[in-house]
2 protein chains.
Amino acid sequence: MKRRPRQSDVAALAAVSPAIVSLVINDRADSNVRISPETRQRVWDAVRELGYVANPIARKLAGNQNRLLGVFTYEAIFPLEYRNFYYPFLLGIEEEVQAQDYDLVLFTRASGPDGKRSIYQDSINSLQITDGAILLGVHENRSELSRLVQEGFPFVFIGRREIPDGAISYVTADYGEATRTIVEYMVRQGHQHIAYLRPPENREATLDREAGYRLAFQQLDKPLIEQHIFAGNSEEVTPQLIERFFVEGITAFLVENTPLIRRVLEIARQLGKSIPRDFSLALLGDHTEEIDPIPDITTFLIPRKEMGKEAVRLLVDLLSHPDEPHVRQVALPCTFVAGQTVAAPFRAK
Amino acid sequence: MKRRPRQSDVAALAAVSPAIVSLVINDRADSNVRISPETRQRVWDAVRELGYVANPIARKLAGNQNRLLGVFTYEAIFPLEYRNFYYPFLLGIEEEVQAQDYDLVLFTRASGPDGKRSIYQDSINSLQITDGAILLGVHENRSELSRLVQEGFPFVFIGRREIPDGAISYVTADYGEATRTIVEYMVRQGHQHIAYLRPPENREATLDREAGYRLAFQQLDKPLIEQHIFAGNSEEVTPQLIERFFVEGITAFLVENTPLIRRVLEIARQLGKSIPRDFSLALLGDHTEEIDPIPDITTFLIPRKEMGKEAVRLLVDLLSHPDEPHVRQVALPCTFVAGQTVAAPFRAK
DNA sequence: CTGAAAGCGCTTACAG
DNA sequence: CTGAAAGCGCTTACAG
């Protein structure tokens, strides 16, 4: 089996030096490089004849770039459960990466002995074989992210991520504005008291929603009652809590995720309350799983595909300005979906 | 920003040569390397003191391997339409690639100006940046495959693919045996005449099914009537054809794909025939789209995920024996699904 | 048991 | 306009 041709083979065939091959192939028109069209032609002919393809690894070592972009996820990239969740991101990433003329490396190897994925394997950054990477995933490791930032490795996270000792480039969905919009919409429908149920973890995506909720009240000059915000898991949502909400005049619920909403629906059913007659309901983000009794919920759509594309654009932008290590942070608007689960409160009619 | 420490820094601090650092770090206990425990200790101390981390790029270049496996598809890798179709393959590929300790490269760049994907860009094999690749897709280009084989580039196709001037490694589903099983099942149920509807293209997957159909008749010592095999597109399936089948005593239909089956159902409805009372029906492979009026069809499941995994295994096997360029061809068994669409023929009862 | 040297396949100043 | 040389940071025979 014959060996892969390398640069020097091409150079020999074209009767030029290896350096010229490199310059021609990379189309380095800049500075003092002026190569005659004839020489270029000879080089390309030789390349074609030998079927030469530059070794990306050598390229990376020598020149520090190889037009390879990485995708690293903290969960399996093609997971059954998250199927509908990751897919649109990848769709956007692939599309834009192709448009930007890069290839994609999926870091499947980056997983420790415990099966958990991590960027640093034996404390070496496995992303380094690419020019830069897009990271995504819910169960990310913040200290790894810090280290990545410190090292100066170019990457963009899909989702807002903050670290104590630096700033991360990201593209997120504008959960705050989307939440604010829904609150405003509910208030316009006549709802005076709106409960907000969120998970206990202070993830950025949750904080953004809560900020939007608070902002809406502030803008509408309505007093915000702290007890109307519930932070906890679905198991902690008790009939007593929901009943208390009703007693306190709550007529609408803003719920952050599917488990919480399932729980609310279950309890409401027990209490004999129905939607949208007895209360209104909105989900703060599109659901990837069906919520059984509700086919048409009021919610907002997260622009996942567009986020994937934007992440690639940011990354490429980052790579083309290595001198100014500016952090890029972008929030893309969500689309409001007026479903059947929000109506004017009954008493207000 | 201070420069990352490199091997020579460690060597200097530990007062040994760089080679020793490499040997110690990689724990090369083999052959003639015997390094005193004291030296090892000094090296590790230096490593720790400097926070040295080997550069993976340099490592790969020197070690002559990059542990990168490619995935090339002739359609977009994350296509909306084919969503359910490709997904399981990728699932299996990712799982096994991870197990084998490789990373994955997706060739998003490999598409010409016309938008059609091809392996050879400007007649250059773009897969070469990987150690080997898995190919999949329906609209493949045979001459590219031939060229790939000629070049000796290691790859495995998912699906059987034949070329005139060589042999391709592949993993396929055993469509022949699966089809044979269904015919046998139908015959046991009492069907004497079974029609087989297939697309006009002589793709390997179709030929395999037809061979299974023929083999079943041969094994059962039943005469096979050539007119009972229909090769054509769904538009070419006419009411006359189906009526003729019924007149000729056909009580069961073997149909290869979803468009054909939709057409058969449509005509049958017009003729007032119902399943499984008036005729039995089986689909030769699992459907990724729902077939409207039939929730529970008799068919076989294609082991897509397992095919993805097996493809990776074959490829890794290929790579570990570069000396013997043996072609590997594997057919994985399908799972028979006894649905509600096959029953004993009415007259036989 | 360890060092000196060559080489992996590129890119990038630096000369001319 | 092009060549010779150094260097990217490692690994791997080959000596001793």
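The name an unreviewed UniProt entry gives chain A is LacI family transcriptional regulator, with Reticulibacter mediterranei as the organism.

1. So, the protein's contact with DNA strand D
For DNA strand D, the set of nearby residues contains 24 residues, the closest of which are Thr39 of chain A together with Gln7, Ser22, Asn26 and Arg28 of chain B. When the atoms of DNA strand D within 4 Å of the protein are grouped by moiety, sugar and phosphate amount to 71% of the total. At 3.4 Å, a backbone N or O of Ala58 of chain B approaches a base nitrogen of DNA strand D. Of all the elements in the fold, those that place two or more residues in the surface near DNA strand D are α2 (18-25) and α4 (56-63) of chain A together with α2 (18-25) and α4 (56-63) of chain B. It is α4 of chain B that contributes the most residues to the surface near DNA strand D, 3 residues altogether. The residue makeup of the surface near DNA strand D, split by class, is 12 nonpolar, 8 polar and 4 charged.

2. Looking at the protein's contact with DNA strand C
In the vicinity of DNA strand C there are 25 residues, among which Ser22, Asn26 and Arg28 of chain A together with Arg34 and Thr39 of chain B approach most closely. The sugar-phosphate portion of DNA strand C accounts for 71% of its atoms within 4 Å of the protein, the bases making up the rest. At 2.8 Å from a phosphate oxygen of DNA strand C is found a main-chain nitrogen or oxygen belonging to Gln7 of chain A. Backbone polar atom of Asn55 of chain A to a phosphate oxygen of DNA strand C: 3.2 Å apart, as the coordinates give it. In terms of residue count, α4 of chain A provides more of the surface near DNA strand C than any other element does, 4 residues in total. Classifying every residue of the surface near DNA strand C gives 12 nonpolar, 9 polar and 4 charged.

3. Some points on the pattern of salt bridges
Residues and elements named next belong to chain A. Following the criterion strictly, the structure yields 50 salt bridges over all chains and no others. Glu95 is the salt-bridge partner of Lys309, the closest N and O atoms lying 2.9 Å from each other. Taken together, the residues span a long stretch of sequence, with Lys309 in helix α11 (residues 304-320) and Glu95 in helix α5 (residues 83-99) at a distance of 214 residues. In the salt-bridge network here, residues are joined through shared partners; they are Glu140, Arg142, Arg161, Arg203 and Glu204.

4. A closer look at the pairing of strand β10 (residues 250-255) of chain A
Residue and element names in this part refer to chain A. Of all the 6 residues making up β10, 6 are buried; the element is thus mostly covered by neighbouring parts of the structure. For strand β8 (residues 193-198) and β10, the ladder comprises 5 bridges, and the chain directions are parallel. Bridged to Tyr196 within β10 is Leu254. Relative to strand β11 (residues 280-283), β10 is paired through 4 bridges, and the arrangement is parallel. For Phe253, the partnering residue across the bridge sits in β11 and is Leu281. In terms of handedness, the path from β10 via helix α10 (residues 258-270) over to β11 forms a crossover that is right-handed.

5. With respect to the side chain of Ser280 of chain B
Residue and element names in this part refer to chain B. Locating Ser280 in the fold gives a position in strand β11 (residues 280-283). Engagement of the side chain of Ser280 in a polar contact is seen with the side chain of His191, the distance being 3.2 Å. Among all residues touching Ser280, those that are not within four sequence positions of it are His191, Thr251, Ala252, Phe253, Thr341, Val342 and Ala343.

6. Some points on the packing of α2 of chain A against helix α3 (residues 37-50) of chain A
Residue and element names in this part refer to chain A. As a packed pair, α2 and α3 sit with axes 10 Å apart at the nearest point and diverge in direction by 90 degrees. Between α2 and α3, the angle is such that the two are roughly perpendicular. Contacts between α2 and α3 involve Ile20, Val21, Val24 and Ile25 from the first element and Thr39, Arg40, Val43, Trp44 and Val47 from the second. When its residues are assigned to classes, the contact of α2 with α3 shows 7 nonpolar, 1 polar and 1 charged.

7. What to know about the sheet that holds strand β1 (residues 68-73) of chain B
Taken together, 12 strands build an open sheet; the order of strands is β13(A)-β7(A)-β6(A)-β5(A)-β1(A)-β2(A)-β2(B)-β1(B)-β5(B)-β6(B)-β7(B)-β13(B) and the sheet is mixed. Unpaired on one side and paired on the other, β13 (329-332) of chain A together with β13 (329-332) of chain B mark the two borders of the sheet. Recorded for the sheet is a direction-independent mean angle of 20 degrees between the axes of neighbouring strands. Taken together, the 4 bridges between strand β1 (residues 68-73) of chain A and strand β2 (residues 103-106) of chain A define a ladder with parallel strand orientation. Each residue of the ladder has a partner; that of Gly70 of chain A, found in β2 of chain A, is Val105 of chain A. Relative to the sheet, α11 of chain A contacts β1, β5 (132-136), β6 (155-158), β7 (170-173) and β13 of chain A, its axis offset from that of β6 of chain A by approximately 165 degrees.

8. A word on the sheet that holds strand β9 (residues 229-231) of chain B
Residue and element names in this part refer to chain B. Spatially, 4 strands are ordered β9-β8-β10-β11 in an open sheet, and the strand pairing comes out parallel. Two strands lie at the open edges of the sheet, namely β9 and β11, each paired on one side alone. Direction aside, neighbouring strands of the sheet carry axes that sit 15 degrees apart on average. Where helix α10 (residues 258-270) meets the sheet, it contacts β8 (193-198), β9, β10 (250-255) and β11, and its direction lies at approximately 165 degrees from that of β11.

9. Looking at the pairing of strand β7 (residues 170-173) of chain B
Every regular strand shows the same layout, with side chains that alternate between the two sheet faces. Residues and elements named next belong to chain B. Taking every second residue as pointing to the same face, both faces of β7 are buried, with Tyr170 and Thr172 on one and Val171 and Ala173 on the other. The sheet contact formed by strand β6 (residues 155-158) and β7 spans 2 bridges and is parallel. By the bridge assignment, Phe157 is partnered in β7 with Tyr170. Of the strand pairs in this sheet, β7 and β13 are connected by 4 bridges, and their pairing is parallel.

10. Considering the nonpolar core
Within the largest apolar cluster, 92 residues are counted, with the highest numbers of intra-cluster contacts made by Leu254 of chain A together with Leu254 of chain B. With 8 residues, α11 of chain A is the largest single contributor of residues to this core. Aside from chain neighbours lying at most four places away, what touches Leu254 of chain B is Thr179, Ile182, Val183, Met186, Ile194, Ala195, Tyr196, Leu197, Tyr213, Ala282 and Leu284 of chain B. Residues Ile57 and Val105 of chain A together with Leu148 and Phe153 of chain B belong to the second largest nonpolar core, which totals 41 residues.

Cut-off values and rules
- Residues numbered from 1 in each chain as written.
- Chains lettered and ligands numbered in written order.
- Predicted model: local features only at pLDDT ≥ 70, side-chain atom pairs only at ≥ 80, totals over all residues.
- Heavy atoms only, no water.
- Near = heavy atom within 4 Å.
- Polar contact = N/O pair within 3.5 Å; in protein donor to acceptor, adjacent residues only side chain to side chain.
- Helix = DSSP H or I, 4+ residues; strand = E, 2+ residues; numbered from the N terminus.
- Nonpolar A, V, L, I, M, F, W, Y, C, P; charged D, E, K, R; others polar.
- Salt bridge = Lys/Arg side-chain N within 4 Å of Asp/Glu carboxyl O.
- Buried < 20%, exposed > 50% of the residue type's maximum accessible area, 1.4 Å probe, protein only.
- Pairing = 2+ DSSP bridges.
- Right-handed = clockwise from strand over helix to strand, strands pointing away.
- Contact = heavy atoms within 4.5 Å.
- Axes fitted to C-alpha atoms, helices over the stretch in contact; angles between N-to-C directions.
- Parallel < 35°, antiparallel > 145°, perpendicular 65-115°, else oblique.
- Core = buried A, V, L, I, M, F, W, Y, C linked by side-chain atoms within 4.5 Å.

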